[in-house]
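Results of the structural survey
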Amino acid sequence: MKRNIGNLFIIACVVLTVIVWFAFPPENDGRANFARQYAGEIIGSVNIVLMASALFISTRPKWAEPYFGGLDKMYITHRRVATTAFLLIFVHVLTVPISVTGWKLGNYLAVIAFTGIVSIVLVSLAPRITYLNKLTGGTYEGWKNLKQYIGIFFIIAFIHSLTIGKPLHALAAINWVQIFFIIGTVSYLYTEVFGRYFKKYVPYTVAAVKYPNASTTEVTLRAKNNSIPKQRAGQFLFVRFPSDKTLNESHPFTISSAPHEDVLRVTVKASGDFTRALFGNLKPGTDAVVEGAHGLFDYKTGGQKQIWIAGGIGLTPFLSFIRDMDGNLNQEVDFYYTVRHKDEALFLEEIEAAAKANPRLKVHIRYSATDGSLNVDDIVKNAGGTITAHHLYMCGPLPMVQAFEKKFLALSVPANNIHYEEFNFR
Ligand SMILES: Cc1cc2nc3c(=O)[nH]c(=O)nc-3n(C[C@H](O)[C@H](O)[C@H](O)COP(=O)(O)OP(=O)(O)OC[C@H]3O[C@@H](n4cnc5c(N)ncnc54)[C@H](O)[C@@H]3O)c2cc1C
């Protein structure tokens, strides 16, 4: 329940916005198209509430993570809220009566806000459209850089609502929406301007760089001031390396070391520009900046019987769990680690040694190219015929995680028992 409070709160704010508009309706001043103006302003207000919520989530408030189920889930909410707001812009534009004469400041601001928001959102929603992609270079970082201007258009959109020719007299609704305008604006300024003075960016040095296989880098980071961030096994951090142009981008990686270690380790698969540069260029002695730890992927909060499923580099949170155990695992765990070929499997000896030291940990390694894909029937059989009382922890490629989630729900596993880490914020 707790992890749904954030989403329910946003829905409640939207519903309340509509209620305020109906509870304190504007006086009908006899203008033509009063009803359309009324409906259009309600939709515009809902838009401001949704955009403010999206801007708030972008501040990455650690204290709010439990109310959404973790930062990765907050970004899912962010995406949905922003998409809904985007679609509502069109509904708003089609609903409000637009006169072609007598334009006031608000009308011009509306055009600027509309063009700005629609352009930015289109680019982020349609990464595969070549023409749009050219604006961002097709990269996540390019998209992030462009997206940072959306708050400016949010501010313009709100000012537009106050400066159109004949706004409706709806003081209560305007005051209510103003609260969200302030929340959105402060959130935006926090993210883009002054947040850096409050967030804990901790200086580290790269202590070691290892290559556990032909496409993976293990980076060991040592805090310059010996202050390891407070963390639980399974959490992730953001790291960048300021002295290298390509590596000076903040990227999220799970901490694959155990919280009791005096260093942080991340294990990174080379998949795009940043991670390939990390594999090719990162040297011991390089400066790093770390922010975190974030996330709620924590098996210790689950039940006595557990099933863990790691696909490919999705192994990393489970590595941290295993390294944290110290031979004292209390839960009964079936741990499935699936990769295509044997040479892709990481830290096998260590995982098998952990299974020996922790008799409750049963490890099942699956090479999908030769053994076939991991399937639910095998998982249920190994669990004794039923998994409805198990807690399931998954991390891996999104299609794999989604397919398993669907099958587990179909087998009547309660949704609250299914936990997964999204390796994707977009
Ligand atoms: C919570 C979390 C934990 C993760 N843990 C690990 C891990 O332990 N090991 C590992 O190898 N990978 C992990 N990842 C994935 C890793 O962050 C991406 O593979 C990496 O950022 C890709 O960057 P790139 O430039 O190499 O690839 P690109 O091809 O540029 O990006 C590939 C995808 O990665 C995501 N991405 C890219 N840049 C960023 C960014 N700055 N911030 C957020 N997402 C971005 C986007 O979805 C993008 O579409 C994790 C991701 C998340 C969200």
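Residues numbered from 1 in each chain as written. Predicted model: local features only at pLDDT ≥ 70, side-chain atom pairs only at ≥ 80, totals over all residues. Heavy atoms only, no water.

**Topic: the packing of helix 7 (residues 150–163) against helix 8 (residues 171–194)**
Heads up, the condition is: Interaxial angles span 0 to 180 degrees and are taken between N-to-C directions of axes, which are lines fitted to C-alpha atoms, for helices over the stretch in contact. In DSSP terms, a helix is any run of H or I states spanning at least four residues, a strand is any run of E spanning at least two, and both are numbered starting from the N terminus. Throughout this description, any angle smaller than 35 degrees is read as roughly parallel, any larger than 145 degrees as roughly antiparallel, any in the 65 to 115 degree range as roughly perpendicular, and the remainder as oblique. Should the near helix be turned counterclockwise from the far one by less than a right angle, the crossing is left-handed, whereas a clockwise turn marks it as right-handed. Residue contacts follow a heavy-atom distance rule, with two residues in contact if any of their heavy atoms lie within 4.5 Å. Note that Gly is not counted as nonpolar here; it falls among the polar residues with everything else outside the nonpolar set of Ala, Val, Leu, Ile, Met, Phe, Trp, Tyr, Cys and Pro and the charged set of Asp, Glu, Lys and Arg.
At a minimum axis separation of 10 Å, helix 7 and helix 8 run at an interaxial angle of 160 degrees. As judged from the angle between their axes, helix 7 and helix 8 are roughly antiparallel. Two packed elements cross with a definite hand, and for helix 7 against helix 8 that hand is left-handed. Of the residues in helix 8, those touching helix 7 at Gly151, Ile152, Phe154, Ile155, Phe158 and Leu162 are Ile174, Val177, Gln178, Phe180, Phe181, Gly184, Thr185 and Tyr188. The residue makeup of the contact of helix 7 with helix 8, split by class, is ten nonpolar, four polar and no charged.

**Description of the site of the ligand**
Applicable threshold: Any residue with a non-hydrogen atom lying within 4 Å of a molecule or strand is treated as near it. Definition of a polar contact: a pair of N or O atoms within 3.5 Å, with one able to donate and the other able to accept a hydrogen when the atoms are protein atoms, and with sequence-neighbouring residues admitted only if both atoms are side-chain atoms. What sets the accessible areas is the Shrake-Rupley method with a 1.4 Å probe; for residues, cover comes only from the shown protein chains.
Neighbouring the ligand are 23 residues, the closest being His251, Pro252, Lys269, Thr275 and Asn424. Within the side chain of His251, an N or O atom sits 2.6 Å from an oxygen atom of the ligand. Within the backbone of Gly272, one N or O atom sits 3.2 Å away from an oxygen atom of the ligand. Isolated, the ligand exposes 880 Å² of accessible area, and the fraction of that covered by the protein chains is 86%. Secondary structure elements with two or more residues in the shell around the ligand: helix 6 (140–147), strand 4 (251–254), strand 5 (264–269) and helix 9 (273–281). A per-element tally of the shell around the ligand places strand 4 first, with four residues.

**What about helix 7?**
To keep it simple, the criterion reads: Every helix has an expected span of 1.5 Å times one less than the residues it contains. Note on exposure labels: buried denotes an accessible area under 20% of the residue type's maximum, exposed denotes more than 50%, and partly exposed covers the range between, all computed with a 1.4 Å probe on protein chains only.
A rise of 1.5 Å per residue sets the reference length of helix 7, with its 14 residues, at 20 Å; its end C-alpha atoms lie 20 Å apart and thus fit the reference within 8%. Looking at helix 7, one finds that the buried residues are Ile150, Gly151, Phe153, Phe154, Ile156, Ala157, Phe158 and His160.

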